Amino acid sequence: MTIPFNRPYLVGRELDNITQAHAMGQLSGDGSFTRACHAWLERRTGTYKALLTHSCTAALEMAAILLDLQPGDEVIMPSFTFVSTANAFVLRGAVPVFVDIRPDTLNIDEALIEQAITPRTRAICVVHYAGVACEMDTIMAIAARHGLRVVEDAAQALLSQYKGRQLGSVGDLAALSFHETKNVISGEGGALLINDPALVERAEVIREKGTNRSRFFRGQVDKYTWVDLGSSYLPSELIAAFLAAQLEEADHITSRRLAIWDRYHAWAAPLEAAGLLRRPVIPAECTHNAHMYFLLLHGLEARTHFIEAMKAAGIGTVFHYIPLHSSPAGQRYGRTSGTLAHTDATSDGLVRLPLWIGLESLQEHVMQTAQRVLEQA
Ligand SMILES: *Cc1c(COP(=O)(O)O)cnc(C)c1O
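Note that the structure is a prediction, hence the values are computed from the model and not measured. (Residues numbered from 1 in each chain as written. Predicted model: local features only at pLDDT ≥ 70, side-chain atom pairs only at ≥ 80, totals over all residues. Heavy atoms only, no water.)

Visitor: I'd love a proper account of the pairing of strand β3 (residues 95–99), names of residues and values included.
Guide: Across the five residues that make up β3, a large majority, four, are buried. Assessed by its sense of winding, the connection that carries the chain from strand β2 (residues 74–78) through helix α4 (residues 83–90) to β3 is right-handed. Across two bridges, the pairing between β3 and strand β12 (residues 335–336) is parallel. The residue of β12 that forms the bridge with Phe98 is Thr336. (Buried < 20%, exposed > 50% of the residue type's maximum accessible area, 1.4 Å probe, protein only. Helix = DSSP H or I, 4+ residues; strand = E, 2+ residues; numbered from the N terminus. Right-handed = clockwise from strand over helix to strand, strands pointing away. Pairing = 2+ DSSP bridges.)

Structure below.
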């Protein structure tokens, strides 16, 4: 592929930080680089407490443990998402209840949530698709009315805002990803953001193998021991050192990605007007982080042709997701509420264009090629 779909961006100071961590001699987790990442995330997202994890998947698993879900408890979520959104809860024996998405933002349709609530419902897990916020005021009000917890799968949403609030700081808990396909990266990596102070102490225990090791290090207990469920969810200091370098450049990364996103969006406007495709919709109350640029084409056949023609021209484009309600595990472990027509249609028609820092000089070629393919189809 001459122009790959993704290319991880390195800010330059990652290896210096890793060398420094190595020299300091603490390679396990929760050293000074981890603390620097926590402080950055707390300051910039406004969350009460941030904890680095191995991945967003791990942060979602921690959230599911923290919510004390029992077998048969239900969690309402979109079907149009990555598998980890559901898997984390299924590991606790909970049942994902899949609700359709809005055709504009491709986020969970808040108007369909209330009819999916049953006596077993415990939580709503929202996904801010492409870094664009769900309708959080409505969703938080529904949760408050029914005594439900809200988890934000904010894997794609670092530094995006809803009504001036940072995503990840709105629900009870949120999960971020620093996977190499996201905006700010550490290879694999993630964070749990805790907005309910009552959940912090137990989160620290769950992350440290079910022990009260964090309290021990703070001198709050004189020995540490096994006190609760847990696993090992904290990353090595080497990963935190890499991430700390990336976080320092997060605003720069976001603005360079936004410039590429805006260029795609202006280019695609006449194609949308000509009825060839639909473009992403950003509600007025949201600002976004340019996590992805996608086009919505007219169905599976048009999308397949587009991806193949782009590939033949040496340009990588990808689709996602196979909706969870139609995946083998989704059918085994979850159920649907209502029809999922927008989910199915989006899954068939959506294609993502390359969006990475360094693409700038090649973007004109990507757009010209895409336009030729679309106009000839
Ligand atoms: C990337 C992603 C995840 C998983 O992130 P990892 O860090 O790879 O575990 C989960 N949910 C969504 C919506 C994602 O985009």
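Visitor: Explain unusual backbone geometry to me, and be specific about the residues and the numbers.
Guide: Looking along the chain, the bond that leaves His320 and enters Tyr321 is cis, with omega of -15 degrees. Position of Tyr321 relative to the elements: it lies in the loop between α10 (299–312) and α11 (328–333). The backbone of Leu106 sits at a positive phi, close to 65 degrees, despite the residue not being glycine. With respect to the element layout, Leu106 can be found in the loop between β3 and β4 (121–127). The class for Leu106 is buried, based on a relative accessible area of 1%. Phi is positive for Ala130, which is not a glycine, with a value near 60 degrees. When you line up the elements, Ala130 lands in the loop between β4 and α5 (136–146).

Visitor: Which residues make up the environment of Val127, and what values do they have?
Guide: Structurally, the position occupied by Val127 is in strand β4. Separated by 190 residues in the primary sequence, Val127 and Thr317 have C-alpha atoms spaced 22 Å apart.

Visitor: Run through the sheet that holds strand β10 (residues 286–287), naming residues and quoting values.
Guide: Spatially, β7-β6-β10 is the arrangement adopted by the three strands of the open sheet, whose pairing is antiparallel. In this open sheet, the two edge strands, each paired with only one partner strand, are β7 (165–166) and β10.

Visitor: Which residues make up the domain arrangement of the protein, and what values do they have?
Guide: Considered domain by domain, the protein is made up of domain 1 (14–248) and domain 2 (250–376). Taken together, the contacts link 46 residues of domain 1 with 38 residues of domain 2. Approximately 3500 Å² of surface area, both sides summed, lies buried where domain 1 meets domain 2, with 57% of it carried by carbon and sulfur atoms. Scanning the region where domain 1 abuts domain 2 turns up two salt bridges. Measuring nitrogen to oxygen at the nearest pair gives 3.1 Å for the salt bridge that ties Arg335 to Glu74. One can count 23 residue pairs in polar contact (both at pLDDT 80 or more) joining domain 1 with domain 2. Only α2 (32–45), α4, β3, β6 (161–162) and α8 (237–248) provide two or more residues apiece to the side of domain 1 that touches domain 2. Broken down by element, the side of domain 1 that touches domain 2 gets its largest block of residues, five residues, from β3. Its residues placed into classes, the side of domain 1 that touches domain 2 shows 26 nonpolar, twelve polar and eight charged. (Domains from an automatic or database assignment. Contact = heavy atoms within 4.5 Å. Buried area = accessible area lost by both parts, 1.4 Å probe. Salt bridge = Lys/Arg side-chain N within 4 Å of Asp/Glu carboxyl O. Polar contact = N/O pair within 3.5 Å; in protein donor to acceptor, adjacent residues only side chain to side chain. Nonpolar A, V, L, I, M, F, W, Y, C, P; charged D, E, K, R; others polar.)

Visitor: Can you tell me about helix α1 (residues 14–24), naming the residues and giving the values?
Guide: An α-helix turns once per 3.6 residues; consequently, residues spaced three or four apart project the same way. For α1, the set of buried residues is Glu14, Asn17 and Ala21. An end-on view of α1 places all buried positions within 65 degrees of arc, on one side of the element. Residues of α1 that are exposed and point over 90 degrees away from its buried face: Leu15, Asp16, Thr19, His22 and Ala23. In the core, the buried residues of α1 are packed alongside α2 and α8. Phi turns positive, to about 80 degrees, at Gly25, one or two residues after α1. (Arc of directions from axis to C-beta.)

Visitor: Could you give me a rundown of the nonpolar core, with the residues and numbers involved?
Guide: Within the largest apolar cluster, 48 residues are counted, with the highest numbers of intra-cluster contacts made by Leu41, Ile139, Leu158, Phe178 and Leu247. If one sorts the elements of this core by residue count, α8 sits on top with six residues. A domain-level breakdown of this core finds at least three residues from each of domain 1 (14–248) and domain 2 (250–376). Look past the residues within four positions of Leu41 in its chain and what remains in contact with it is Gly46, Thr47, Ala50, Leu52, Leu158, Leu176, Phe178, Ala191 and Leu247. (Core = buried A, V, L, I, M, F, W, Y, C linked by side-chain atoms within 4.5 Å.)

Visitor: Which residues make up the side chain of Ser214, and what values do they have?
Guide: Mapped onto the secondary structure, Ser214 falls in helix α7 (residues 213–217). Looking at Ser214, the relative accessible area reads 16%, which means it is buried. Residues in contact with Ser214, not counting those within four places in the same chain, are Glu204 and Glu208.

Visitor: Which residues make up the site of the ligand, and what values go with them?
Guide: The environment of the ligand is made up of 14 residues, and the closest members are Thr57, Asp153, Gln156, Ser177 and Lys182. One nitrogen or oxygen atom from the side chain of Ser177 is found 2.7 Å from an oxygen atom belonging to the ligand. Taking Lys182, its side chain carries an N or O atom lying 3.3 Å from an oxygen atom of the ligand. Coverage of the ligand by the protein amounts to 92% of the 380 Å² it exposes when considered alone. (Near = heavy atom within 4 Å. Areas by Shrake-Rupley, 256 points an atom, 1.4 Å probe, with all protein chains shown as cover.)

Visitor: Can you tell me about the packing of aromatic side chains, naming the residues and giving the values?
Guide: Taken as a whole and assessed by the stated rule, the structure comprises nine aromatic pairs. Between Tyr129 and Phe294 the ring centres are 5.8 Å apart and the planes differ by 50 degrees, which places this aromatic pair in the tilted class. In this pair, Tyr129 is assigned in the loop between β4 and α5 and Phe294 in strand β11 (residues 293–296), connecting sequence segments 165 residues apart. On the basis of relative accessibility, which here comes to 1%, the residue Tyr129 falls in the buried class. Among the aromatic residues, those joined into a cluster by ring pairs are Phe80, Tyr129, Phe294 and Tyr321. (Phe/Tyr/Trp six-rings, centres within 6.5 Å; stacked < 30°, edge-to-face > 60°.)

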